[in-house]
Each structure stands twice: as structure tokens, then as C-alpha cells.
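What follows is each chain in one-letter form.
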Amino acid sequence: MKGLGVVGKCLTSVMADSLSCMEEDLTCIICCDIFTDPVTLKCSHSLCEECLQRFWTTQDVPQCPVCRKECSHDEPTKSLAFRSLCESFKKRKPTAVSDDVCPEHKEKFKLFCFVDKQPICVVCYTSKKHENHKCSPVDEAAGHLKEDLKTQMDRLQETVANLKKAHESCAKQVELIKECTSMDEQQIKEEFEKLHQFLRDEEEKHIRSLHKEKEPQDKKVKVRMEELSKQISALSESVAAVRQDIEAENLKFLQNYSNILKRLQHSIMPNISPELQKYQHYPIQTVIFTSWAKMQNLLKPSVTLDPDTASSKLQVSDDCTSVQYVKKETYMFDNPERMYVGVLASQGFSSGVHCWDVEVGNNNNWTLGVVDETVNRKKHYTMYPKKHFWCFHYMNITYKQGNNPVSCIEYSERPHIIRLQLDFDEGELRFTDPLRNKSLCTYSGGFPERVFPYFCTGDVFRPLKIFPSTNQKL
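Residues numbered from 1 in each chain as written. Predicted model: local features only at pLDDT ≥ 70, side-chain atom pairs only at ≥ 80, totals over all residues. Heavy atoms only, no water.

**Describing the overall build of the protein chain**
Working step 1: In terms of regular secondary structure, the protein chain is built from nine helices and 19 strands.
Working step 2: Per-residue burial for the protein chain yields a buried fraction of 39% across its 474 residues.
Working step 3: Considering only contacts in the protein chain between residues 6 or more positions apart, those separated by 24 or more positions represent 64%.
Working step 4: On the protein chain, roughly 28300 Å² of surface is accessible, and the fraction owed to carbon and sulfur atoms is 51%. (Helix = DSSP H or I, 4+ residues; strand = E, 2+ residues; numbered from the N terminus. Buried < 20%, exposed > 50% of the residue type's maximum accessible area, 1.4 Å probe, protein only. Contact = heavy atoms within 4.5 Å. Areas by Shrake-Rupley, 256 points an atom, 1.4 Å probe, with all protein chains shown as cover.)

**Considering the side chain of Glu359**
Working step 1: One can find Glu359 in strand β10 (residues 353–359).
Working step 2: In this structure, Glu359 is buried with no salt-bridge partner, the nearest side chain bearing the opposite charge being Lys465 at 4.8 Å.
Working step 3: Non-local contacts of Glu359, meaning those with residues more than four positions away in its chain, are made with Thr290, His416, Ile417, Pro463, Leu464, Lys465 and Phe467. (Lys, Arg positive; Asp, Glu negative; His and termini not counted. Salt bridge = Lys/Arg side-chain N within 4 Å of Asp/Glu carboxyl O.)

**A short note on helix α8 (residues 257–265)**
Working step 1: Buried residues of α8: Tyr257, Ile260, Leu261 and Leu264, and no others. What you see down the axis of α8 is that its buried residues fit within an arc of 95 degrees, all on one side. (Arc of directions from axis to C-beta.)

**Remarks on the pairing of strand β19 (residues 464–468)**
Working step 1: The buried count for β19 comes to four of five residues, which makes it a mostly enclosed element.
Working step 2: By the bridge criterion, two bridges tie strand β8 (residues 322–325) to β19 in an arrangement that is antiparallel. Its bridge partner being in β19, Val323 is matched across the sheet by Leu464.
Working step 3: Where β10 lies against β19, four bridges are found, and the strand directions are antiparallel. Each residue of the ladder has a partner; that of Trp356, found in β19, is Pro468. (Pairing = 2+ DSSP bridges.)

**With respect to unusual backbone geometry**
With the exception of glycine, most residues fall at negative phi, and the peptide bonds are largely trans.
Working step 1: We note that His388 has phi near 70 degrees; this positive angle belongs to a residue other than glycine.
Working step 2: Mapping His388 onto the fold places it in the loop between β11 (365–372) and β12 (389–395).
Working step 3: In the Ramachandran plot, Ile397 falls in the positive-phi region, its phi being about 60 degrees despite a non-glycine side chain.
Working step 4: Here Ile397 is to be found in the loop between β12 and β13 (398–401).

**Focus on the side chain of Lys146**
Working step 1: Secondary-structure assignment places Lys146 in helix α5 (residues 138–193).
Working step 2: No salt bridge is formed by the buried Lys146. Its closest oppositely charged neighbour is Glu247, at 7.1 Å.
Working step 3: Those residues within four positions of Lys146 in sequence are excluded, and the remaining contacts are Ile246, Ala248, Asn250 and Phe253.

**A look at the sheet that holds β12**
Working step 1: Pairing in this open sheet of six strands is antiparallel, and the strands run β9-β18-β11-β12-β13-β14 from one edge to the other. In the strand order of this sheet, the two ends are held by β9 (343–344) and β14 (404–406), each with one partner.

Right, here's the structure in full:
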């Protein structure tokens, strides 16, 4: 019995192969279907009568569509037996399912139109609607389009992977911000714990400032993370939907191809860059130094400003410890002591060691140094030693010692306090950053009989403030 079953399967397979071969022999080369009213030309090629006549309407001289041989007027010939064979074969073939047939022409879908992005029958192909349209057989078109969609899927999958990396980077950034903020807060507490009640009040004030300053950055990163999560979810859903469509039957896939393509085209192609800024630590040492300097206001500064020497666009504070630039020129009596540019200290030095601190903060245009007592104060000098100006200057993100640029200062290490140390007897003037204990520039070679501290600013919003200095390291 088992042997008979095997024989039966073999016979079935042979019959199926025979039908397939016969179908090829009975298929019209023009409509790609079983002959309807077949006719035969003298060259022995057969075609549907209607297909041949339609083909000949496009030709100046009748030709065979297969071999292009010129045909005579008594062609073609009909064969009733051949016609009967074709009709008999059609009856033996299984009936096509409805979605395989063109609803307009009742013909099988054999081709796919790349312009209209839909399956079409051969009659559709010969119609004006699809004239000059690029078309391919269904299986060939499906294979090509699936490969194209897979390529797009790979790109989307790569984008999803990059989005996940960006999301992870954001998550790490949030943790880093929390960790660094916590470290800064702890250090602030430890430093201020060494001070008395005055500095305890300062501590609480700056902790509040720290959290307020970092809150927008933390919020920005979290908002970015939410956007990335939504984009990942949306793209993942699109990828899953397209993957399911690709697994569908070729014809169904092609019928839905336009919608699939629209769905892909409407997919968001986001910016995967985290766009995160480098964490900027709270200026702890500057806060400590400034707070410490405030306490020194209880003492009388060793250097104060002389308002009678201030130029017309500089305004000196009532306590003579700060100076600010004003846009509107102030009328002042042009006494002999008044500078054309800048302001001098009330104290001049002709011997000994002297030290004073100037808070420049974020001031974008300032000049500090000493000047010879005997210079002509009504002239605008180029500030270098030959003109009896020993100055350190900052403007347009550039530091200068006289006319020479100073390149040893990084922008991230921009000093907020400048300490001037004058050793008159040794003939040396040093400019340092006391917070980092870093030398910025030095003049040597001696001074004339007497020099005065010199100050100048061109920043409307940020004054220069003088603090007494004990010349001690924090």
C-alpha cells in the first residue's frame, strides 16, 4: 500500500509538470495567457487573434511579434482543433482567486506598474492609462521592491540603534550632572564649615544658586530623553509594521506597497545627536575667595582710587574701591591730575613691597598696572614700558603684556581675580591668579622715582573692584 502511495504521488507530480509544460506551449506571448481564438502565422508562431490584430495596429507593415518576419495578406490561419484544445485546457486549470484578477478587465495580474505602484493586467498595460509607464512581471517587481524596502529597513534599524545610544548617553549625562552637583555641594559645605556665621550664610546662598543654575541644564537633558523615547517607539512600530507587510504574499504586498511606502516616508528621521553641553563646574574657589574678600572690607584697603584722576567716561564709587565705564561722557573739571584714559590710585609707591587684588570677574575690557608719576596725563599712550606704563590688558578674549599677546592663559582658566605684587626695590611687578596660584605675566628692570597703580575699564555692565590683599594662599 505504501508503494502505491509513492507511485500515486509520482504520477501526480508528473501530471503537474506536464500541465505546466503544456501551459507554456499554449500561452500567447502578447497577453501571457492561454490562447483565445488562436491563429497561426506562416512562420509557425501562434497568437490570440485579438492580440495579433491589436499588435498590427501599431505596425506600418504586418510582422510576426515573435520573429519579426513580414506577414502576407492571407495570414493568419485559424485552427478549430487548436482552439478546442486551448478551451479544454482552460477548463482543466483551477479557477483563479478573485484578488488575482483585474476587476476592470477580468484578466490575471501579470505585471506591476512602477509609476502607479500597483499590479496590472496585460490589457491595462496596453491601455493609455499606463502608456510609457515602466512595468515588470509581478515576481520580478516584488523581488526588486522587497530588496529596496529591506535596505530602507536597515537604515531605520541603524537609526533606532543610534537613538538608543543617544538615550543611554543622556541617561549617563543626567547621572553625571547629579553626581557632579552633589560633589560640588559637598565641597562647598566643607569649605564654608571652616568659616564663622557670616560665611555660613554665604554657603546657603551659593548652594541655592548652584541648584538654580544647573536646573535648566538637567531639565533640558530630560526633555531630550523624552523626545528620544517617543522617536524610538514610533520608529520601532513603523519597522515592525513594514516587516510584517514584507512577509505577506507577493501580490498582497504589492497591492499595499503604496501605503507601505507612505508610512516609511512619513517616518521621522530625527537628529540623533544628543546636543549636550559640557558640564560647567560651579566656580567654587571664586566664591570662596570673593566671600573672603568681602570680610576684608572690614579693613581699610591698601589701595584706593583717586576720583580726581578719573577720565570723563569712568565713574568711581563713593568708597573709592571700584570703577565703572559709562557710555555718556560726564563733565568734569579738567584739573592737572586727571587722566585722558583711566584712573590712578590715591597712593603712590617709591619703595618697599606692595600687593593689591582686583576683581575683574567677567569684565570684557580692562587694563591694570602701574604708571610713572611724571607721564603726560592728557595724552592717549600705547601702554608699554618705554612710555612708562607697565600694564596687563584684556580685550576681545586676548590678554596682552603691553603690546605682546599672552598665550599661557586658557579660556577655561580665565582669572576672576588679578593680584598685583609690586617689589619696588627689586624693580619687579608681577600679575598672578591667586585662586590657582598661577603667574600671568611679569615686568622687571626697575621703575622711575615713583609709580601709581593704574586702572581702566571699557565694560558698561561690570565694574572693577579693589580688595586688600594679605598675599597669602588660600
